[in-house]
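Architecture at a glance
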Number of protein chains: 2
Amino acid sequence: MARASRQAVTIRHVAAEAGVSLQTVSRVMNNEPNVRDAVRERVNEAVAKLGYVPSLAARRLSGSRSYLILALNDRDRTIEGWRLGQGNDWVDQMLYGGMLKSAEHGYRMIFELIDSHAAHVEREVSAALAALRPDGVILTPPHSDNPVIVALLEARGMPFARIGSYESGAGVAIRMDDAAAGRAATEHLLALGHRRIGFIAGPAEYTLSTERAEGYRQALLGAGIALDPALEEIGDFTFDSGVRAAEALLAQAERPTAILASSDQMALAAAQVARARGLALPEGLAVVSFDDTPVVRFSMPPLTAITQPIAAMASTAADLLIRSAGGDVIEAGPYILPFALAVRGSTQGNDH
Amino acid sequence: MARASRQAVTIRHVAAEAGVSLQTVSRVMNNEPNVRDAVRERVNEAVAKLGYVPSLAARRLSGSRSYLILALNDRDRTIEGWRLGQGNDWVDQMLYGGMLKSAEHGYRMIFELIDSHAAHVEREVSAALAALRPDGVILTPPHSDNPVIVALLEARGMPFARIGSYESGAGVAIRMDDAAAGRAATEHLLALGHRRIGFIAGPAEYTLSTERAEGYRQALLGAGIALDPALEEIGDFTFDSGVRAAEALLAQAERPTAILASSDQMALAAAQVARARGLALPEGLAVVSFDDTPVVRFSMPPLTAITQPIAAMASTAADLLIRSAGGDVIEAGPYILPFALAVRGSTQGNDH
DNA sequence: CTGAAAGCGCTAACAT
DNA sequence: ATGTTAGCGCTTTCAG
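What counts, and where the lines are drawn
- Residues numbered from 1 in each chain as written.
- Chains lettered and ligands numbered in written order.
- Predicted model: local features only at pLDDT ≥ 70, side-chain atom pairs only at ≥ 80, totals over all residues.
- Heavy atoms only, no water.
- Pairing = 2+ DSSP bridges.
- Helix = DSSP H or I, 4+ residues; strand = E, 2+ residues; numbered from the N terminus.
- Axes fitted to C-alpha atoms, helices over the stretch in contact; angles between N-to-C directions.
- Parallel < 35°, antiparallel > 145°, perpendicular 65-115°, else oblique.
- Contact = heavy atoms within 4.5 Å.
- Nonpolar A, V, L, I, M, F, W, Y, C, P; charged D, E, K, R; others polar.
- Near = heavy atom within 4 Å.
- Polar contact = N/O pair within 3.5 Å; in protein donor to acceptor, adjacent residues only side chain to side chain.
- Phe/Tyr/Trp six-rings, centres within 6.5 Å; stacked < 30°, edge-to-face > 60°.
- Buried < 20%, exposed > 50% of the residue type's maximum accessible area, 1.4 Å probe, protein only.
- Buried area = accessible area lost by both parts, 1.4 Å probe.
- Salt bridge = Lys/Arg side-chain N within 4 Å of Asp/Glu carboxyl O.
- Least-squares fit on C-alpha atoms with pLDDT ≥ 70 in both.

Looking at an unreviewed UniProt entry, one finds chain A named LacI family transcriptional regulator, with Sphingomonas jinjuensis as its source organism.

Structural data, given as structure tokens:
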């Protein structure tokens, strides 16, 4: 009993069992040509019988692929999300999309935290690459546009994907169409009869902020409504900044009947400010948010929101990187994935 | 340009730079004795200068540790949690505790999903072990008590931790004290003046269910209150089962003024049933839940709950396994980690 | 179409 | 205290 079976089944055992050379087993395992069907089958039988699974370490070391995809996330944000214990949607959706897609291809996704503030970004990323030698790297915001990381990956010739990035350059960009999302959200409000619609933008450093604002304006103009600068405020995605912005919007004599906010937190802030002023959602004020993290489903009422395709972006990234590692030539992108508008009680009737 | 720097810096480069043998570099990297301080320093300088990081694959292959901890989670539950997008607390807290602790030791935690229903459990686990050759495995419920998995790990001589398990046997068990938690939750209600306290238990197959029930009863008896079978219902942790149980409890002539439910979902169900019967929380009915997943913070009012130390359990598991891999002899356990009682609006006043 | 030899980067076991 | 030799399990040449 329980003698540590120090020695697992290796390619050698399979070769012996099937009566072929190591090489042939390797060819079969990697789906290479130049093996007769009869032999291939014999090998597969031996593999099944012995329960053989190739060692990742040995494969990697012998100069082939590592079958590893490395996903780099922002350290502080991620840990803060975990610490708060309110459900870390970004991480979950990354895993959901990226890990499952990787597994489909026999790959594994390793999730790693990188501190982007530190001067050691380069060292941290280098160390992870050296230790793991992944076949591809997935960058998430804010790393997606970090010039140090991008340059490092490019210099190393490492295939990588930049999720949520509007910048061009090395690596394949994967994102949603924020302008279209801003338009869709605004059109939803227009369709409900709103004519004075306030907008809380994100910081201008983020391209997606300006894209969303652009979509908002396009929708208004498309409906023949003149733009009013008094209806546009700027926040920084946080709850507090949302409070300030919403107060500025709702303090106006001719206050908006709806607010579109560029993040869930700012939308929740707007809802709170509205309540404080005696405005009930959705009658007194309609609110639409961006992101659709779990929290908006649990607010009262739940918020209508633009859903970011995080899982789909991670899945696409993994798929592209793995196919690229397999020798496929993949298109440069950018890959624009569809968003969704989840209509909930903050804009519509009293369902839920 | 970006010529793929095919060849990264290896132990050989460091040895050359420092003017020593490979072995000496290896010794320094692994903090082994028998190296003069002067030499050690010279090697460390070379390492720093070249930015050398050992290849995990080579280390693993040469027969030493893999520096990998494998965390096995239930496939269906995990994916369902991701799909619902309500914040997958278990996974997040696992990562929070396990990944960070692993990183402290220079380890990586690989998160893998295993389908416990399938007849292939054994094959799935074997394959993961064969491919990764981790230094330790963390089992989470329901895998923690899966006899096939436990037997396999034991036969392989693989160190492993069973999180949330009350069973004895191979592997180190890490859990909280559910009886004490049941007692604490009940005593909280007693302290608030409640005398008729309903209890919704989990399925009896789970030891933790009976432990929690035991704690509930101890607390009542300790307060000199006779047990009343009519106050105990059984659910299966789901919302629907919670509805049935709560309805049975609240339909009684002498209905309870408080309900302790063995899961968040059942507690939310109790809250809903109460509302439907015109009972407001906490005045009409006080509710306490177990688990403390994100969702209970967002309900109205937020639910008072027993918080499971998931992150701490994962952290402890990683720490024990890694120290074990390092040659330390670790105590058999079980390791009992402290829970917490988060008091919120469903039992107490009107804060928030 | 198949096999034999060499070597990936490291550590274990054995020198010295 | 340090260096040398072998070999982990696989894939890559290169031969047949």
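Text resumes after the structure shown.
A word on the sheet that holds strand β1 (residues 68–74) of chain A
All names here are of chain A. Spatial strand order, β2-β1-β3-β4-β5-β11: 6 strands in an open sheet with parallel pairing. Every other strand in the sheet has two partners, leaving β2 (108–114) and β11 (335–337) as the edge strands with one partner each. In this sheet, adjacent strand axes meet at a mean angle of 20 degrees when their direction is disregarded. When strand β4 (residues 160–163) meets strand β5 (residues 172–176), the two strands line up parallel, connected through 3 bridges.

Re the packing of helix α1 (residues 11–18) of chain A against helix α2 (residues 22–29) of chain A
How two helices sit against one another is set out by the angle between their axes and by the gap between those axes. Residue and element names in this part refer to chain A. Direction vectors running N to C along α1 and α2 enclose 105 degrees, while the axes themselves pass 8 Å from each other. As far as their axial angle goes, α2 and α1 are roughly perpendicular. Packed against α1, whose contacting residues are Ile11, Arg12, Val14 and Ala15, the element α2 presents Leu22, Val25 and Ser26 at the interface. Looking at the contact of α1 with α2, its residues break down into 5 nonpolar, 1 polar and 1 charged.

Side note on the protein's contact with DNA strand D
Neighbouring residues of DNA strand D: 25 residues in total, closest A:Ile11, A:Gln23, A:Tyr52, B:Asn34 and B:Arg36. Within 4 Å of the protein, atoms of DNA strand D come from sugar and phosphate in 66% of cases. With respect to DNA strand D, the side chain of B:Gln23 contributes an N or O atom lying 3.5 Å from a base oxygen. Contributing elements (two or more residues each) for the surface near DNA strand D: α2 and α4 (56–61) of chain A together with α2 (22–29) of chain B. Residues belonging to the surface near DNA strand D are distributed by class as follows: 9 nonpolar, 13 polar and 3 charged.

Quick word on the packing of aromatic side chains
Any two aromatic rings considered together are summarised by their centre-to-centre distance and by the angle between their planes. A complete count under the given rule lists 11 aromatic pairs over all chains for this structure. Ring centres of A:Phe298 and B:Phe298 lie 5.7 Å apart, and the angle between their planes is 10 degrees; on these two criteria the pair is classed as stacked. Highlighted residues: A:Phe298 in helix α13 (residues 295–298) and B:Phe298 in helix α13 (residues 295–298), drawn from two different chains. The same class applies to A:Phe298 as to B:Phe298, namely buried. Ring pairs connect the aromatic residues A:Trp82, A:Phe111 and B:Tyr96, which therefore count as one cluster.

As for the interface of chain B and chain A
Every contact between the two is made by 52 residues of chain B and, on the other side, 52 residues of chain A. Between chain B and chain A the total buried area reaches about 4300 Å² when both faces are included, carbon and sulfur atoms providing 65% of it. On the chain B side of the interface with chain A, the three residues burying the most area are B:Trp82, B:Arg108 and B:Phe298, jointly 17% of the side's total. At the boundary of chain B and chain A, one finds 2 salt bridges. Residue A:Glu112 is joined to B:Arg108 by a salt bridge in which the shortest nitrogen-to-oxygen separation is 2.7 Å. Only α4 (56–61), α5 (75–84), α6 (89–104), β2 (108–114), α7 (121–132), α8 (147–156) and α13 of chain B provide two or more residues apiece to the side of chain B that touches chain A. Considering every element that reaches the side of chain B that touches chain A, the biggest residue donor is α6(B), with 8 residues. Split by residue class, the side of chain B that touches chain A holds 30 nonpolar, 9 polar and 13 charged.

As for the relation of the copies chain B and chain A
Mapping chain B onto chain A calls for a rotation angle of 180 degrees and an axial translation of 0.1 Å; the resulting RMSD is 0.1 Å. Overall, the copies show the geometry of a two-fold rotation axis. Taken as a fraction of all interface residues of chain B, those also at the interface in chain A reach 100%, which identifies the copy contact as same-surface.

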